[in-house]
Amino acid sequence: FDVQPTASASASSVTQNNHLTNKAYVDSHSVSGGQTTGTFTCELEAMNIGSGVTPQNPSTLKSVTGHYVKTGKMVHITVAFSLINTTQYFGQAVFKGLPFTAASSSYGPQIMPIFWDGTLANQLDHGNDSFYLAVQPNSTTAYVYNSGVSPLNPANIASTSSGFIYFTGSYISE
(Lines give C-alpha, C1' and ligand atoms only; values in the text may rest on other atoms or scores of the structure.)
Protein backbone atom coordinates (compact mmCIF):
# COMPACT_ATOMS: atom_id res chain seq x y z
CA PHE A 1 0.00 0.00 0.00
CA ASP A 2 1.07 3.55 -0.64
CA VAL A 3 -0.56 5.16 2.39
CA GLN A 4 0.99 8.18 4.13
CA PRO A 5 1.07 8.08 7.96
CA THR A 6 -1.09 11.21 8.20
CA ALA A 7 -3.54 10.15 5.49
CA SER A 8 -6.89 8.60 6.34
CA ALA A 9 -8.58 5.99 4.19
CA SER A 10 -11.85 4.14 4.24
CA ALA A 11 -11.77 0.36 3.75
CA SER A 12 -14.69 0.58 1.36
CA SER A 13 -13.28 3.26 -0.95
CA VAL A 14 -11.69 2.48 -4.27
CA THR A 15 -9.05 4.93 -5.41
CA GLN A 16 -6.88 5.34 -8.44
CA ASN A 17 -3.31 4.05 -8.67
CA ASN A 18 -4.10 0.88 -6.66
CA HIS A 19 -3.91 2.66 -3.29
CA LEU A 20 -6.84 0.94 -1.59
CA THR A 21 -9.52 -1.42 -2.83
CA ASN A 22 -12.32 -3.30 -1.14
CA LYS A 23 -12.91 -7.08 -1.22
CA ALA A 24 -15.85 -6.86 -3.64
CA TYR A 25 -13.74 -4.87 -6.11
CA VAL A 26 -10.85 -7.34 -5.88
CA ASP A 27 -13.16 -10.37 -6.23
CA SER A 28 -14.89 -8.93 -9.27
CA HIS A 29 -11.66 -7.91 -11.01
CA SER A 30 -9.15 -10.58 -10.02
CA VAL A 31 -10.24 -12.98 -12.77
CA SER A 32 -11.55 -11.72 -16.07
CA GLY A 33 -15.28 -12.39 -15.96
CA GLY A 34 -15.46 -13.09 -12.22
CA GLN A 35 -16.98 -16.26 -10.82
CA THR A 36 -20.49 -17.69 -11.20
CA THR A 37 -22.14 -20.89 -10.02
CA GLY A 38 -25.32 -22.59 -11.12
CA THR A 39 -27.08 -25.62 -12.48
CA PHE A 40 -27.78 -26.93 -15.98
CA THR A 41 -29.73 -29.77 -17.57
CA CYS A 42 -27.54 -32.48 -19.08
CA GLU A 43 -29.09 -35.03 -21.47
CA LEU A 44 -27.84 -38.44 -22.62
CA GLU A 45 -28.47 -39.07 -26.32
CA ALA A 46 -27.47 -41.93 -28.60
CA MET A 47 -25.93 -40.66 -31.85
CA ASN A 48 -23.87 -41.87 -34.77
CA ILE A 49 -20.50 -40.19 -34.31
CA GLY A 50 -18.53 -42.27 -36.76
CA SER A 51 -19.51 -45.93 -36.51
CA GLY A 52 -22.32 -46.04 -39.05
CA VAL A 53 -25.00 -47.26 -36.59
CA THR A 54 -28.57 -46.05 -36.72
CA PRO A 55 -29.09 -44.59 -33.25
CA GLN A 56 -32.20 -45.24 -31.18
CA ASN A 57 -33.34 -43.13 -28.24
CA PRO A 58 -36.26 -43.26 -25.83
CA SER A 59 -39.09 -40.81 -26.55
CA THR A 60 -37.84 -38.69 -23.63
CA LEU A 61 -34.06 -38.47 -23.25
CA LYS A 62 -32.62 -39.21 -19.80
CA SER A 63 -31.54 -35.98 -18.15
CA VAL A 64 -30.19 -34.80 -14.81
CA THR A 65 -29.35 -31.52 -13.17
CA GLY A 66 -25.63 -30.82 -13.29
CA HIS A 67 -23.73 -28.21 -11.29
CA TYR A 68 -21.05 -25.78 -12.47
CA VAL A 69 -18.58 -23.21 -11.21
CA LYS A 70 -17.27 -20.81 -13.86
CA THR A 71 -14.21 -18.71 -13.09
CA GLY A 72 -13.25 -16.51 -16.00
CA LYS A 73 -13.35 -18.87 -18.99
CA MET A 74 -12.69 -22.04 -16.96
CA VAL A 75 -15.85 -24.11 -16.34
CA HIS A 76 -15.87 -26.92 -13.76
CA ILE A 77 -18.85 -29.30 -14.03
CA THR A 78 -20.24 -32.23 -12.04
CA VAL A 79 -22.93 -34.56 -13.42
CA ALA A 80 -24.40 -37.71 -11.87
CA PHE A 81 -26.77 -40.05 -13.72
CA SER A 82 -27.68 -42.45 -10.88
CA LEU A 83 -29.70 -45.65 -11.36
CA ILE A 84 -30.25 -44.84 -15.03
CA ASN A 85 -32.21 -47.18 -17.30
CA THR A 86 -30.61 -47.29 -20.76
CA THR A 87 -32.58 -50.23 -22.25
CA GLN A 88 -34.18 -48.01 -24.93
CA TYR A 89 -30.87 -46.57 -26.17
CA PHE A 90 -28.68 -47.82 -29.03
CA GLY A 91 -25.72 -45.89 -30.43
CA GLN A 92 -22.76 -43.84 -29.26
CA ALA A 93 -22.99 -41.97 -25.94
CA VAL A 94 -23.27 -38.20 -26.28
CA PHE A 95 -24.00 -35.70 -23.49
CA LYS A 96 -25.79 -32.51 -24.49
CA GLY A 97 -26.54 -29.27 -22.69
CA LEU A 98 -23.24 -28.35 -21.05
CA PRO A 99 -23.64 -24.94 -19.40
CA PHE A 100 -21.29 -22.92 -21.66
CA THR A 101 -20.02 -23.28 -25.22
CA ALA A 102 -16.54 -24.82 -25.29
CA ALA A 103 -13.64 -22.84 -26.74
CA SER A 104 -12.59 -23.12 -30.38
CA SER A 105 -10.89 -26.05 -32.01
CA SER A 106 -7.45 -24.58 -31.31
CA TYR A 107 -7.81 -26.32 -27.93
CA GLY A 108 -9.08 -29.56 -29.51
CA PRO A 109 -11.45 -31.81 -27.57
CA GLN A 110 -11.09 -31.12 -23.87
CA ILE A 111 -10.83 -34.38 -21.94
CA MET A 112 -12.19 -35.35 -18.53
CA PRO A 113 -12.67 -38.69 -16.75
CA ILE A 114 -15.99 -40.52 -16.74
CA PHE A 115 -17.04 -43.14 -14.20
CA TRP A 116 -19.67 -45.71 -15.11
CA ASP A 117 -21.16 -49.07 -14.24
CA GLY A 118 -23.14 -51.12 -16.75
CA THR A 119 -23.98 -48.16 -18.98
CA LEU A 120 -21.12 -47.98 -21.50
CA ALA A 121 -19.55 -50.52 -23.86
CA ASN A 122 -16.72 -50.27 -26.35
CA GLN A 123 -17.25 -51.30 -29.95
CA LEU A 124 -14.10 -53.34 -30.52
CA ASP A 125 -14.22 -56.00 -27.78
CA HIS A 126 -11.45 -54.42 -25.73
CA GLY A 127 -12.56 -55.96 -22.46
CA ASN A 128 -12.38 -53.56 -19.56
CA ASP A 129 -10.87 -50.51 -21.22
CA SER A 130 -11.84 -47.28 -19.54
CA PHE A 131 -13.63 -44.37 -21.16
CA TYR A 132 -13.23 -40.60 -21.16
CA LEU A 133 -15.41 -37.65 -21.99
CA ALA A 134 -14.32 -35.24 -24.75
CA VAL A 135 -16.00 -31.83 -24.73
CA GLN A 136 -16.30 -30.84 -28.39
CA PRO A 137 -14.94 -27.49 -29.64
CA ASN A 138 -17.46 -24.67 -30.22
CA SER A 139 -20.33 -26.68 -28.72
CA THR A 140 -22.18 -27.66 -25.56
CA THR A 141 -21.79 -31.35 -26.37
CA ALA A 142 -19.39 -34.05 -25.16
CA TYR A 143 -18.67 -37.48 -26.70
CA VAL A 144 -17.56 -40.60 -24.84
CA TYR A 145 -14.53 -42.44 -26.23
CA ASN A 146 -12.77 -45.71 -25.42
CA SER A 147 -9.36 -44.91 -23.93
CA GLY A 148 -7.60 -48.06 -25.17
CA VAL A 149 -8.10 -47.64 -28.90
CA SER A 150 -6.32 -45.44 -31.41
CA PRO A 151 -7.66 -43.69 -33.41
CA LEU A 152 -10.51 -42.48 -31.23
CA ASN A 153 -13.31 -45.00 -30.92
CA PRO A 154 -16.69 -43.80 -29.66
CA ALA A 155 -18.32 -45.71 -26.80
CA ASN A 156 -21.74 -47.27 -27.17
CA ILE A 157 -24.52 -46.95 -24.62
CA ALA A 158 -24.96 -50.40 -23.04
CA SER A 159 -28.40 -51.73 -22.18
CA THR A 160 -29.01 -51.85 -18.44
CA SER A 161 -31.95 -51.23 -16.13
CA SER A 162 -29.94 -49.64 -13.30
CA GLY A 163 -26.44 -48.35 -14.08
CA PHE A 164 -24.72 -45.06 -13.42
CA ILE A 165 -22.62 -42.47 -15.22
CA TYR A 166 -20.72 -39.78 -13.31
CA PHE A 167 -18.32 -37.17 -14.60
CA THR A 168 -16.62 -34.19 -13.11
CA GLY A 169 -13.95 -32.02 -14.66
CA SER A 170 -13.11 -28.72 -16.29
CA TYR A 171 -13.10 -27.24 -19.76
CA ILE A 172 -12.31 -23.84 -21.27
CA SER A 173 -15.27 -21.88 -22.60
CA GLU A 174 -15.46 -19.16 -25.26
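Look a little higher up for the structure.
The notes below deal with the structure included here. Bear in mind the structure is a predicted one, so any value in this text is a computation, not a measurement.

Concerning the overall build of the protein chain
Consideration 1: Tallying secondary structure elements over the protein chain gives 1 helix and 11 strands in all.
Consideration 2: Going from N to C terminus, the protein chain has its helices and strands arranged as α-β-β-β-β-β-β-β-β-β-β-β.
Consideration 3: A buried classification covers 36% of the 174 residues belonging to the protein chain.
Consideration 4: When the accessible area of the protein chain is evaluated, it comes to approximately 9,600 Å², of which 50% is carbon and sulfur surface.

Observations regarding the pattern of salt bridges
Consideration 1: Applying the stated criterion across every chain yields a total of 1 salt bridge.
Consideration 2: We note a salt bridge from Glu 45 to Lys 96, for which the minimum N-O separation is 2.6 Å. Of this pair, Glu 45 sits in strand E1 (residues 35-47) while Lys 96 sits in strand E4 (residues 92-96), placing them 51 residues apart in sequence.

Some remarks on the nonpolar core
Consideration 1: Membership of the largest hydrophobic core comes to 29 residues, with the highest contact counts inside it found for Leu 44, Ile 77, Phe 81, Phe 95, Ile 114, Val 144 and Phe 167.
Consideration 2: Going through the elements one at a time, E1, strand E2 (62-71), strand E3 (74-84), E4, strand E5 (110-117), strand E7 (131-135), strand E8 (141-146) and strand E11 (163-172) are the ones with two or more residues in this core.
Consideration 3: Ranked by residues supplied to this core, first place goes to E3 with 5 residues.
Consideration 4: Excluding anything up to four places from it in sequence, Phe 81 contacts Cys 42, Glu 43, Leu 44, Lys 62, Ser 63, Val 64, Phe 95, Gly 163, Phe 164, Ile 165 and Tyr 166.

Some words on the packing of aromatic side chains
Consideration 1: Summed over the entire model, instances satisfying the criterion amount to 7 aromatic pairs.
Consideration 2: Note on Tyr 68 and Phe 100: the rings are 5.1 Å apart at their centroids and 90° apart in plane angle, and the pair reads as edge-to-face. Highlighted residues: Tyr 68 in strand E2 and Phe 100 in the loop between E4 and E5, separated in sequence by 32 residues.
Consideration 3: Where Phe 81 meets Phe 95, the ring centres are 5.6 Å apart and the plane angle is 45°; that geometry is what we call tilted.

A look at the pairing of E1
Consideration 1: Examined bridge by bridge, E1 and E2 share 10 bridges and lie antiparallel to one another. Counted as the bridge partner of Leu 44 is Lys 62 from E2.
Consideration 2: Where E1 meets E4, 5 bridges bridge the pair, whose relative direction is antiparallel. Note on E4: the bridge partner recorded for Leu 44 is Phe 95.

Details of unusual backbone geometry
Consideration 1: The backbone of Leu 83 sits at a positive phi, close to 45°, despite the residue not being glycine.
Consideration 2: Looking at where Leu 83 falls in the secondary structure, it is placed in strand E3.
Consideration 3: Exposure remark for Leu 83: the relative accessible area of 70% places this residue in the exposed category.
Consideration 4: The phi dihedral of Asn 138 is positive, around 55°, even though this residue is not glycine.
Consideration 5: Assignment of secondary structure puts Asn 138 in the loop between E7 and E8.
Consideration 6: What makes Asn 138 partly exposed here is its relative accessible area of 44%.

Concerning the side chain of Gln 92
Consideration 1: In this fold, Gln 92 is placed in strand E4.
Consideration 2: From its side chain, Gln 92 meets the backbone nitrogen of Ile 49 in a polar contact 3.1 Å long.

Regarding the environment of Gly 52
Consideration 1: Assignment of secondary structure puts Gly 52 in the loop between E1 and E2.
Consideration 2: With 39 residues separating them in the primary sequence, Gly 52 and Gly 91 have C-alpha atoms 9.3 Å apart.

Parameters and conventions
Residues numbered from 1 in each chain as written. Predicted model: local features only at pLDDT ≥ 70, side-chain atom pairs only at ≥ 80, totals over all residues. Heavy atoms only, no water. Helix = DSSP H or I, 4+ residues; strand = E, 2+ residues; numbered from the N terminus. Buried < 20%, exposed > 50% of the residue type's maximum accessible area, 1.4 Å probe, protein only. Areas by Shrake-Rupley, 256 points an atom, 1.4 Å probe, with all protein chains shown as cover. Salt bridge = Lys/Arg side-chain N within 4 Å of Asp/Glu carboxyl O. Core = buried A, V, L, I, M, F, W, Y, C linked by side-chain atoms within 4.5 Å. Contact = heavy atoms within 4.5 Å. Phe/Tyr/Trp six-rings, centres within 6.5 Å; stacked < 30°, edge-to-face > 60°. Pairing = 2+ DSSP bridges. Polar contact = N/O pair within 3.5 Å; in protein donor to acceptor, adjacent residues only side chain to side chain.

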